[in-house]
Amino acid sequence: MYRSLFNILSGRHTRQGLWGLPLLVALVISLWLTVQTTEFATAENLFNLVAQAMPLIIAAIGQLVVVLIGGLDLSVGSVISFTTAVLALDQPAILLIPAVFVLAAFIGLINGLAITRFNVHPIIATLSTQYIVLGITRILRPVSGGTVPEIVIGAVSGSFLGIPYPVFWGIVVILAAWKLLYGSRYGLHLFAIGGGIASGAESAARNFGVSDRRNIILAYVICSCFAAVAGVFLAGRIVSGDPNVGLLFELDTVTAVALGGTQLSGGIGSLHGTVIGALVMALLANGMNLANVSPFVQTAIKGGILLAVVGLQSRKKMGL
Amino acid sequence: MAAVLANPIARRLLRIPPSYFVFLVLLATLWIARPNMLNLNVMGIFIRQIVPLGILVLGQLVVMRVKSIDLSGGGIILLINYFISSGSFPGASLPFFVGLALATGLVIGLFNGFMVGSRRVSAVIVTLAVSIILVGLVQFLSSGNPPGDVPKLFNDLYNTKFLSVPTPVLFWILLTAAVSLLLSQTVFGRYVASVGENAEAAHFSGVPVQRTVILAHTLAGLIAAIAALVQTGSIAVGSVRVGLDLPILAVAATILGGVVFGRGDGGVWGPFFGALCFALLFVVMTVLGIDEPGKLIAQGVIILGAAIFYGVRVRAP
């Protein structure tokens, strides 16, 4: 009992990474906010918090899938902006919503193909798609504006039995990701490929008959699709298309993933850790907003957290 | 495809950095579209504008040769621009600012190098995080507004000419030659080449891999500081947005120049022409009436295209 508790808190002997500690941090921050401010522990603020955290949680789960195979997707932020821009195109929803996912899957496909077929480093491949997608987004919508379909707005802002819809979004997305990572053959293959890459034996999974190329391509497609879901959610929240709404999301998702104990070198990580990591980020943002911290300082603090969290991870490879 | 790649002539062609081809294509495009722009004076002005990028490329090239990357250049440029333009050091002389800038670059570069080399953190994450921390701090210190004016001397120096060639361009060429000599003639240069080729083999051959990576990052920080001084001279005012897209462009120019993480056939002059390509590209796009979004797309396509070009070449038998 004590031993397993120790393992959770130290992240040793586990495939799930260190997720117990961030959970403690989250609890401490919440407790501190409850004591310090009167507004924090109200149902309204908590539901608000969930709604604020939801895009990051969704996008971070997508990032997790890619990080598990030792990759990184820097195009997440621009896919989110792109999704909101497409949704605000003034077309019927029945056309726009499928289109958003087809386009996102296509972006993921380009990432995956460039990485697996053309030997491009994941960071370079996704960096270039980030720029291409950002450029297309700016053409579609130079400044924020337009209106997204009613159904998208309704799906985000309503409530059922007193519980706002964002909570249901979270439940559905987390259950789907749980099934994907822990209840499917694909999830097992992800951990297998990532574990091989992390230990320097890049062909380990392939030698056991797991097609790494196809699975890696699929991982990038899934990541982009999760980013698109986050984009749809955000579009519903801001009611318009915004070319800058996804700004810095790629770094926030990486921070959330790393904060949740997932090793960026691949193979070790967990869904619950990532969700906790994203919640910690949202709690911090909420706390800093309540404490009136300048948004510029908030950005700097986020960068510091990223640096600290990733700096504490050890890995063999040097460089990229 | 494989048969074409195995052809000796095709393989020889694939070894030439893409920047030379792209440079020729852009030159031809400009020549067809606006022949009258191709004179020394006009070109001198355009090339002078990308000197900060060209200098930043030199640092990027060194870190990319050791299979690392440095995206903190934007933050360094912004911070140094803030130091010079905010008036926090009233009455300071030019040597003081140069010294301050170099010290700033040195410290940040050393930090990057320590995190990447000793702590073995992913270089992308470290340098991006450093950059957003610096950008956030500068924007906070200046409350989101441009700080102030730059001492006049900076812009005066930037505008001088030597034998009808703008001094910044001359400075850039000299610095490129210096880095070229550093990489080809010194022990450090050999270390960089061997670490990039195969870090493990280099380690077992007695090459101080960790020290080389740290030094490469420190050098990149120093060079970014020099780029910041030139950039500050060129815009002549304080800014909270200056140079933020330069690191990505520097990566693009370096890849275009044939240096991709480790092995580099492009040497130093391949990336040099990579930076020149961007000078021409911006001219061509302005001439053709393509604006900001188009430039973003072009940057992305160029990075991806050059990286694919390299990836195909590696896989060729």
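All values reported here derive from a predicted model rather than from experimental measurement. (Residues numbered from 1 in each chain as written. Chains lettered and ligands numbered in written order. Predicted model: local features only at pLDDT ≥ 70, side-chain atom pairs only at ≥ 80, totals over all residues.)

### A closer look at the overall build of chain A
Consideration 1: Across its full length, chain A holds 14 helices and two strands.
Consideration 2: Against the 2.2 N^0.38 benchmark of 20 Å for 320 residues, chain A shows a C-alpha radius of gyration of 19 Å, consistent with a compact globule.
Consideration 3: For the C-alpha atoms alone, the extent of chain A along its principal axes is close to 50 × 45 × 35 Å.
Consideration 4: Within chain A, the fraction of its 320 residues that count as buried is 52%.
Consideration 5: By sequence separation, contacts in chain A at least 24 residues apart represent 79% of the contacts at least 6 residues apart. (Helix = DSSP H or I, 4+ residues; strand = E, 2+ residues; numbered from the N terminus. Rg over C-alpha atoms; globule rule 2.2 N^0.38 Å. Buried ≥ 20, exposed ≤ 12 C-beta atoms within 10 Å, placed from the backbone. Contact = placed C-beta atoms within 7 Å.)

### Comments concerning the overall build of chain B
Consideration 1: Looking only at helices and strands, one finds 16 helices and two strands in chain B.
Consideration 2: The dimensions of chain B, computed from C-alpha atoms along their principal axes, are 65 × 55 × 35 Å.
Consideration 3: Residues counted as buried form 51% of the 317 residues belonging to chain B.
Consideration 4: Counting only contacts in chain B whose residues sit at least 6 apart along the sequence, the fraction spanning at least 24 positions is 82%.

### Thoughts on the interface of chain B and chain A
Consideration 1: Contact residues are listed per partner, giving 43 residues for chain B and 38 residues for chain A.
Consideration 2: Elements with a contribution of two residues or more to the side of chain B that touches chain A: α7 (94-118), α8 (123-141) and α16 (292-315) of chain B.
Consideration 3: Sorting elements by how many residues they give to the side of chain B that touches chain A places α16(B) first, with 16 residues.
Consideration 4: Considering only residue class, the side of chain B that touches chain A consists of 28 nonpolar, ten polar and five charged. (Nonpolar A, V, L, I, M, F, W, Y, C, P; charged D, E, K, R; others polar.)

### Notes on the confidence of the model for chain A
Consideration 1: With 94% of its residues at a pLDDT of 70 or more, chain A shows a mean pLDDT of 84.
Consideration 2: Of all helices and strands in chain A, the one with the weakest mean pLDDT is helix α1 (residues 2-10) of chain A (66), whereas helix α4 (residues 76-87) of chain A scores best (91). (pLDDT = per-residue confidence, 0-100.)

### Remarks on the environment of Ala279(B)
All names here are of chain B.
Consideration 1: One can find alanine 279 in helix α15 (residues 269-287).
Consideration 2: Sequence separation between alanine 279 and phenylalanine 162 is 117 residues; the distance between their C-alpha atoms is 21 Å.
Consideration 3: Excluding anything up to four places from it in sequence, alanine 279 contacts Phe46, Ile47, Gln49 and Ile50.

### Quick look at the confidence of the model for chain B
Note: predicted coordinates in regions of low pLDDT should not be interpreted at a detailed level.
Consideration 1: Taken over all residues, the pLDDT of chain B has a mean of 84, while the share at 70 or more is 94%.
Consideration 2: Taken over the whole predicted complex, pTM reads 0.86, whereas the ipTM for its chain interfaces reads 0.82.

### Overview of α8(B)
Residues and elements named next belong to chain B.
Consideration 1: Taking 1.5 Å of rise per residue, the 19 residues of α8 would be expected to cover 27 Å, and the 27 Å separating its terminal C-alpha atoms lies within 8% of that figure.
Consideration 2: Burial of α8 is extensive: 16 of the 19 residues sit out of reach of the surface.
Consideration 3: Two residues or fewer after α8 comes serine 143, characterised by a positive phi angle close to 45 degrees. (Expected span 1.5 Å × (residues − 1).)

### Notes on unusual backbone geometry
Residue and element names in this part refer to chain A.
Consideration 1: Residue asparagine 119 is not a glycine yet carries a positive backbone phi of 60 degrees.
Consideration 2: On the secondary structure map, asparagine 119 appears in the loop between α5 (93-117) and α6 (122-140).
Consideration 3: Of the residues examined, asparagine 119 has 17 C-beta atoms within 10 Å and is grouped as partly exposed.
Consideration 4: Positive phi is not limited to glycine here, since leucine 248 has a value of about 65 degrees.

### Considerations on the packing of helix α12 (residues 249-259) of chain A against helix α14 (residues 295-312) of chain A
Residue and element names in this part refer to chain A.
Consideration 1: Where α12 meets α14, the axes come as close as 9 Å, and the angle between the chain directions of the two elements is 40 degrees. When the axes of α12 and α14 are compared, the pair comes out oblique. With respect to the hand of their crossing, α12 and α14 are arranged in left-handed fashion. Only Lys302, Ile305, Leu306, Val309 and Val310 of α14 make contact with α12, whose side of the interface consists of Leu251, Asp252, Val254, Thr255, Ala258 and Leu259.
Consideration 2: Residues belonging to the contact of α12 with α14 are distributed by class as follows: eight nonpolar, one polar and two charged. (Axes fitted to C-alpha atoms, helices over the stretch in contact; angles between N-to-C directions. Parallel < 35°, antiparallel > 145°, perpendicular 65-115°, else oblique. Left-handed = near helix turned anticlockwise from the far one by under 90°.)

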